[in-house]
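Below are the chains, spelled out letter by letter.
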Amino acid sequence: MRSFPLPRPRGRSRLAALLLCVAAVLAPSAGTAGAAAPPPVPGTLRAYDVGAVFSAGVSSGGYMATQLHVAYSGTFEGSASFASGPYDCARGSLTTALNACMDTTQPLDPAALERLTRERSAQGLIDPVEQLAGDPVYVFGGANDTTVKPPVVNALADHFGRFGARVRQDRSSAAGHAWVTPLGPNACAVTASPYLNDCGIDAPGALLGHLLGPVAAPGSGTGGSLIRFDQNAYAPGGSAAALSMGAEGFAYVPASCAAGARCRLLVALHGCKQGYAYQGFGTRFVEGAHLNEYADTNDLIVLYPQAAPTATLENPNGCWNWWGYLGDRAYARHGGKQVETVMAMVRALRGEGTPPPAPGRAVLSSTDAEDGYVKAAADGSGAAVGTLEDTYGLAVGRGADGRVNRAVVSFDTSRIPAGAAVTRAWLTLARSGGSGDPWASPAGNRLLVDVRSGCFGGCALEAADWSAAATVAGGAEVPAFFSGGAVSSELSAAALAALNRGGTTQMRLGFAAAPAGTAYLFVNRDAPVTLTVEYRTTA
């Protein structure tokens, strides 16, 4: 992955060797990795009886795990890193990140990195480096990792050794650039998505044994709860997206910890292109890291913060910030925006500081008197109001009459509490009939949701609603479904901003392309469409 153009491109071989941390070159695989896991449940990071705190990560997540440990050594008692280099190796420079912290074409200068770390400690920019003495540190590097080369990984072990940490380095494996786990779908030497490799060893068990001391054998990883929480609540300024972090994070909480047992906490950090929000990658790292299994049997909470891609070239692959993107010059010390966001999560789990406000939820039913569907030729000509809503439901797609149908639904979004910050929203539909497969005509067709702040014309349904301008076109998408119900994707940030807090918001459902033949569905004949809105109150 790469989030910026190369300062000094060196041809195809150079390009192929660049960072999973900065720009992994292979696309995510379609397969899943990992064992069964409990489905995520919405929740918050409440306080538990948490003692020791540790960090672990791979690639860009390995760099972030080290940054957390060094910057807040008074909180973190140890760390583990796969396929990454020493603390603030990049020193705010992408060129250095590429050439010294992945490759070896630029000198790494371990002595200069040690001086930098000690100077920051003396200035109070990081916790006292004396607190690193005796801390357990696990360092893993694979012989076939050409992305972050072995000398760079060796330098990480050397850096911690300069401060008296108890370093265990594993360099016996033939691994490629990946998190090594018994649950990995990839062969050991591969460097490819999902960057979870099976090398015939239990590296997560080894790292936990070094960080925690002797550990019990792993369980199923399904005995606890996987909490999905709002990361915006912990981000400076209330916007995780502004930091290149996802709206959602995860925490695996074993039943013993939920019941009040004294537990330890591991902050586990994915690499680039492994975040929940990256192109449908989802929870593959959460499920495949082989940490939840040990959590169940060792009184261990695992926090999985999530980085996310930017829409710009700053960080399109969802890497953690280890070279200073988005102008954050404090990224590796106190005040670093991602560092402070993760620290806020840690404090919440330990019951320290002021907890974020509890999220709220409103389920809004569409206004039947304003709902309906309109039909027209594919070019929008000859639009008319459909007449079969009461008999069959709201029509979407091409009917037997050759006309293309779009449904319009209205919501009273003034019911969202005044002053609340909306964090998520989605539609829920129920199928009541249909014919053919409009998602396959043409192949890959998409059922999109346009959002209008206010009404498309008058709030009562009218023929012009077929083609009236939306505030946000394609603000959500409804997946293919052929019976029962369906939930749309979450509304985009622009669509959330378009929700009319003073009155009505209308939404129009229509296929991106007119089906070539008869292919349509009817929805919600017997019950209204619902809009679920989650929000945070500021009071």
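In this text the structure is predicted, and so the values were computed from the model without any measurement.

1. Looking at the confidence of the model for the protein chain
So, point 1. When pLDDT is averaged along the protein chain, the result is 90; 92% of the residues meet or exceed 70.
So, point 2. pLDDT under 50 marks residues 1-34. Its contacts with residues more than four places away, or in other chains, come to 113 contacts.

2. Some details on the packing of helix α3 (residues 60-71) against helix α6 (residues 150-161)
So, point 1. For the pair α3 and α6, interaxial distance at closest approach is 13 Å and the crossing angle is 10°. The pairing of α3 with α6 is recorded here as roughly parallel in orientation. Here Y63, T66, H69 and V70 of α3 come into contact with α6, specifically with V152, L156 and F160.
So, point 2. Its residues assigned to classes, the contact of α3 with α6 comprises five nonpolar, two polar and no charged.

3. With respect to the state of the cysteines
So, point 1. Applying the stated criterion to the full structure yields five disulfides.
So, point 2. Paired by a disulfide, C188 and C199 hold their sulfur atoms 2.0 Å apart. Because the torsion about its S-S bond is 90°, the bridge between C188 and C199 counts as right-handed. In this pair, C188 is assigned in the loop between β7 (186-187) and β8 (196-198) and C199 in the loop between β8 and α7 (203-212), connecting sequence segments eleven residues apart. Residues C188 and C199 agree in their burial class; the two are buried.
So, point 3. Covalent S-S linkage joins C272 and C319, the inter-sulfur distance amounting to 2.1 Å. Where C272 bonds to C319 through sulfur, the torsion about that S-S bond is close to 125°, and the disulfide is right-handed. A residue pair is termed long-range when its members are at least 10 positions apart, and C272 in the loop between β11 (263-269) and α9 (284-288) and C319 in the loop between β12 (300-304) and α11 (337-350) qualify at 47 residues.
So, point 4. What makes C272 buried here is its relative accessible area of 0%.
So, point 5. Cysteine pairing in the protein chain follows 1-2, 3-4, 5-6, 7-8, 9-10, where each cysteine in a disulfide is numbered by its order in the sequence.

4. Quick word on the layout of surface pockets
So, point 1. Estimated volume of the largest pocket: approximately 940 Å³.
So, point 2. Around the largest pocket, the lining is made up of 30 residues, and of these A247, T423, E490, L491 and A493 lie nearest the centre.
So, point 3. Put simply, the parts of the chain that give the lining of the largest pocket at least two residues each are β18 (421-435) and α13 (493-498).
So, point 4. Among the elements that make up the lining of the largest pocket, the one with the highest residue count is β18 (four residues).
So, point 5. In terms of residue class, the lining of the largest pocket is made up of 15 nonpolar, ten polar and five charged.

5. Digging into the packing of aromatic side chains
So, point 1. This model, assessed by the stated rule, comprises 15 aromatic pairs.
So, point 2. Aromatic pair W439 and F482: ring centres 5.7 Å apart, planes at 75°, arrangement edge-to-face. On the criterion of sequence distance, the pair formed by W439 in the loop between β18 and β19 (447-453) and F482 in the loop between β20 (472-478) and β21 (485-487) is long-range, its members being 43 residues apart.
So, point 3. The interplanar angle of 75° and the centroid separation of 5.5 Å between the aromatic rings of Y520 and F522 together place this pair among those described as edge-to-face.
So, point 4. Its relative accessible area of 19% is what places Y520 among the buried residues.
So, point 5. One aromatic cluster is present, built from ring pairs that chain together F82, Y138, F140, W179, F285 and Y304.
So, point 6. One cation-aromatic arrangement involves R347 over Y72; the distance from NZ or CZ to the ring centre is 5.8 Å.

6. Comments concerning the nonpolar core
So, point 1. Counting residues in each nonpolar core, the largest one holds 69 residues, and the members touching the most others are L45 and L303.
So, point 2. The contacts of L303, once residues within four sequence positions are left out, are L45, F229, F250, A251, L265, L266, V267, A268, M345, V346 and L349.

7. Re the environment of N445
So, point 1. As for its position among the elements, N445 is in the loop between β18 and β19.
So, point 2. According to the relative accessible area criterion, N445 is buried, its value standing at 7%.
So, point 3. Spatially, the C-alpha atom of N445 lies 28 Å from that of E248, the residues being 197 residues apart in sequence.
So, point 4. Once residues lying within four places of it in the same chain are set aside, the contact partners of N445 are P438, W439, F511, A512, A513 and P515.
So, point 5. Engagement of the side chain of N445 in a polar contact is seen with the backbone oxygen of A513, the distance being 2.8 Å.

8. Let's talk about unusual backbone geometry
Leave glycine aside and you will find that most residues have negative phi; peptide bonds, for their part, are mostly trans.
So, point 1. Cis geometry marks the peptide bond from S193 to P194; its omega dihedral reads 10°.
So, point 2. With respect to the helices and strands, P194 occurs in the loop between β7 and β8.
So, point 3. Omega for the bond connecting S441 with P442 falls within 30 degrees of zero, at 0°, which places this linkage in the cis form.
So, point 4. As for its position among the elements, P442 is in the loop between β18 and β19.
So, point 5. The phi dihedral of S244 is positive, around 65°, even though this residue is not glycine.
So, point 6. Mapped onto the elements of the fold, S244 is located in the loop between β9 (225-230) and β10 (248-253).
So, point 7. Even without glycine at this site, L326 takes up a positive phi of about 55°.
So, point 8. Mapping L326 onto the fold places it in the loop between β12 and α11.
So, point 9. Its relative accessible area of 35% is what places L326 among the partly exposed residues.

9. Some remarks on α11
So, point 1. With 14 residues, α11 should cover 20 Å at 1.5 Å per step; its first-to-last C-alpha distance of 20 Å lies within 8% of that length.
So, point 2. The buried fraction of α11 is high, at ten of 14 residues.
So, point 3. Turning to α11, its buried residues are Q338, V339, E340, T341, V342, M343, M345, V346, A348 and L349.
So, point 4. Two residues or fewer after α11 comes G351, characterised by a positive phi angle close to 75°.

10. Points about the sheet that holds strand β6 (residues 179-180)
Sheet strands associate in pairs through backbone hydrogen bonding, adopting either a parallel or an antiparallel arrangement.
So, point 1. Strand order across the open sheet formed by three strands is β6-β8-β7, with parallel pairing between neighbours. Whereas interior strands pair on both sides, the edge strands pair on one side only; in this sheet they are β6 and β7.
So, point 2. Inspection of the sheet shows β6 paired to β8 by two bridges, in the parallel sense. For W179, the partnering residue across the bridge sits in β8 and is L196.

Parameters at a glance
Residues numbered from 1 in each chain as written. Predicted model: local features only at pLDDT ≥ 70, side-chain atom pairs only at ≥ 80, totals over all residues. Heavy atoms only, no water. pLDDT = per-residue confidence, 0-100. Contact = heavy atoms within 4.5 Å. Axes fitted to C-alpha atoms, helices over the stretch in contact; angles between N-to-C directions. Helix = DSSP H or I, 4+ residues; strand = E, 2+ residues; numbered from the N terminus. Parallel < 35°, antiparallel > 145°, perpendicular 65-115°, else oblique. Nonpolar A, V, L, I, M, F, W, Y, C, P; charged D, E, K, R; others polar. Disulfide = S-S within 2.5 Å. Buried < 20%, exposed > 50% of the residue type's maximum accessible area, 1.4 Å probe, protein only. 1 Å grid on protein atoms, 1.4 Å probe; cavity = no way out; pocket = protein on both sides within 12 Å on 5 of 7 lines; lining within 4 Å. Points joined across faces, edges and corners; volume = space filled by probe spheres on them. Phe/Tyr/Trp six-rings, centres within 6.5 Å; stacked < 30°, edge-to-face > 60°. Lys NZ or Arg CZ within 6 Å of the ring centre and 35° of its normal. Core = buried A, V, L, I, M, F, W, Y, C linked by side-chain atoms within 4.5 Å. Polar contact = N/O pair within 3.5 Å; in protein donor to acceptor, adjacent residues only side chain to side chain. Expected span 1.5 Å × (residues − 1). Pairing = 2+ DSSP bridges.

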